[in-house]
Amino acid sequence: MTLNRREMLFGAMAGILVPQPALPKSTRLTLRPAPVSVHWPGYADKLEGFLGFNGALPGPEIRVRQGEPLRVRLENGLQEGALIHWHGIRLPNRMDGVSILTQEVVPPGAYFDYDFTPPDAGTYWYHSHYLSYEQVGRGLFGPLIVEEREPPEVDHDITAMFADFRMTPDGQFDTNIGVTEDFARRGRLGDTMRVFLSQGTVRKGDRVRLRLINSAIDRVFPLDLNGINGSVFALDGMPLAQPTALEHLTMAPGQRVDVIGSVTSDISIFMGDDESLKQIGRIAMNGTNPTPGPELLQPLPGHGLPTPVSPSQSLKLLMRGGEGDPDHGGFGTWSFNSVSGLPMDPLGQFRRGDTAEITLSNPTAFDHGIHLHGHHFREVLGSATFGPWRDTLLVKTGEVRKIACVFDNPGRWLLHCHMLSHSADGMATWIKVS
Ligand code: C2O
Ligand code: CU
């Protein structure tokens, strides 16, 4: 079974807020994707061409407590198929929202019920997983926060979702999606950066938890935060054993970073490198906290994921394609191991609990953010030395990186580039765990 290319291709600033619905515990939340018009300061009154959940872009922030069930009905209000994927959640395979591998595409007007209990507290997100480079690119994404049973004490818990959009010269959303050059290079990069914040003001001395989520389809965000004196506490929803100093951040599409620290001035979010920094978001400082708490030093409680042991299999994932590398096997612009799109046979087959190593080689001229569904993995840094738990790893041009994963979640799991234009044009494979 191979998906043909046609089927794959076609089948901020302050003031832009993430809507915050009160989610009544244990009742079913409905998420309805449909066209929305959005209002952005500095643009025409109503911008058309976008999609949203429940009338909003991004979709509503979903919050559940660790160990509590999440029940969501996807009600398809689009003129095309729909699916929702819960990025980074270790959930039962049939809830993963992936066509071919885990469920049928939900047709227009139909619904599908997602029911699962997120096992790990942390910062996650949900997004369309059907024609995703287009549907996510038009706005079908939202934050999914799983709160610790005993959350760290903070004055504010703020979500910041990053995305970029391509606009036409007259300030409308550019609906010309599927430009060949985009697919063959870094993907569809927008000219308009947006940071969607769940809150716009803080006080001096407040302790703040910032949950950064890169929901752009293709753009890697190089980020610097000003005005917060803090540390990185988690990556991709997974707590770090020891928080690390907050420095320059590089966020590939799909990745998350949790920062906790205290406010020293307006929190400014800059994008870029040393030479050119551009402010793309801001949380204003307003007033002073009369009784600021001490610096938070304890790490967040760990999730107890099994440590990789010596691998029973070593797999290779060779990335090929894109501009300058047309001859790579496979019908698409991109390939994994010379195959474009989902192959009939999985990249690897495992018994539940097996550890595998996967060598990710990127000789292409572009960077790729490799994402594994249903599991987290660790980078192998040396003998018995591992990097932090992640679900998405940025593999830059010319790099070879090795990851280790304990495949303990049965099912058929997608492994793909989270530059969604690359995955739409070939960079996808899968893993079978039984
Ligand atoms: Cu964000 Cu296939 O995933
Ligand atoms: Cu890629």
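About the cut-offs
- Here the residue numbering is sequential within each chain, running from 1 through the sequence in written order.
- As a convention, the first chain written is A and the first ligand written is 1, with the rest following in written order.
- Local features are withheld for residues below a pLDDT of 70 in this predicted model, meaning they are given only at 70 or higher, and side-chain atom pairs are given and counted only at 80 or more; totals for whole chains, interfaces and linings count all residues.
- Note: side-chain values were computed over all heavy atoms of the structure, leaving out hydrogens and water.
- Burial classes: relative accessible area under 20% of the type maximum marks a residue as buried, over 50% as exposed, and values in between as partly exposed (1.4 Å probe, protein chains only).
- Per the convention used, a helix needs a DSSP run of H or I reaching at least four residues, while a strand needs a run of E reaching at least two, with both numbered from the N terminus.
- For two strands to be treated as a pair, DSSP must find no fewer than two bridges joining them.
- Between rings of Phe, Tyr and Trp, where Trp is taken as its six-membered ring, a pair exists when centres lie within 6.5 Å; planes separated by under 30 degrees are stacked, by over 60 edge-to-face, and by other angles tilted.
- Note: domain ranges come from an automatic or database domain assignment.
- Two residues qualify as a contact provided that any one of their heavy atoms is within 4.5 Å of a heavy atom in the partner residue.
- When two parts are put together, the accessible area they lose, computed with a 1.4 Å probe and summed over both, is reported as buried area.
- Salt bridges are defined by distance alone: a side-chain nitrogen of Lys or Arg within 4 Å of a carboxyl oxygen of Asp or Glu.
- For the purposes of these results, a polar contact is taken to be a pair of N or O atoms within 3.5 Å, where, inside protein, one atom must be able to donate a hydrogen and its partner to accept one; residues adjacent in sequence count only when each atom of the pair is a side-chain atom.
- Each residue gets one of three labels, nonpolar for Ala, Val, Leu, Ile, Met, Phe, Trp, Tyr, Cys and Pro, charged for Asp, Glu, Lys and Arg, and polar for the others, Gly among them.

*Asks:* An account of the pairing of strand E28 (residues 411–417) is needed here, citing residue identities and associated values.
*Replies:* With six of its seven residues buried, E28 lies for the most part within the structure. Judged from the three bridges that link them, strand E23 (residues 368–372) and E28 form a sheet pairing that is antiparallel. Note on E28: the bridge partner recorded for Leu372 is Leu415. Here six bridges tie E28 to strand E29 (residues 428–433), and the two strands are oriented antiparallel to one another.

*Asks:* Which residues make up the packing of aromatic side chains, and what values do they have?
*Replies:* All told, the structure shown has 17 aromatic pairs when counted by the stated rule. Note on Phe50 and Phe165: the rings are 5.5 Å apart at their centroids and 80° apart in plane angle, and the pair reads as edge-to-face. Of this pair, Phe50 sits in strand E3 (residues 47–53) while Phe165 sits in strand E10 (residues 156–165), and the two are 115 residues apart along the sequence. There is no split in this pair, since Phe50 and Phe165 are both buried. With 4.4 Å between their ring centres and 35° between their planes, Phe50 and Phe173 make a pair best called tilted. With Phe50 in strand E3 and Phe173 in the loop between E10 and helix H3 (180–184), this pair connects stretches of sequence that are 123 residues apart.

*Asks:* Got a sec to walk through the domain arrangement of the protein? Specific residues and values, please.
*Replies:* Partitioning the protein into domains gives domain 1 (16–147), domain 2 (180–288) and domain 3 (313–433). Contacts between the two partners involve 19 residues from domain 2 and, on the opposite side, 20 residues from domain 3. Buried area between domain 2 and domain 3, summed over both chains or domains, comes out near 1,700 Å², and the portion from carbon and sulfur atoms is 57%. The partner of Arg185 in a salt bridge is Glu323, with the nearest N and O atoms 2.6 Å apart. The tally of links from domain 2 across to domain 3 stands at 13 residue pairs in polar contact (both at pLDDT 80 or more). For the side of domain 2 that touches domain 3, the secondary-structure elements that each account for two or more residues are H3 and strand E15 (238–245). Residues belonging to the side of domain 2 that touches domain 3 are distributed by class as follows: nine nonpolar, four polar and six charged.

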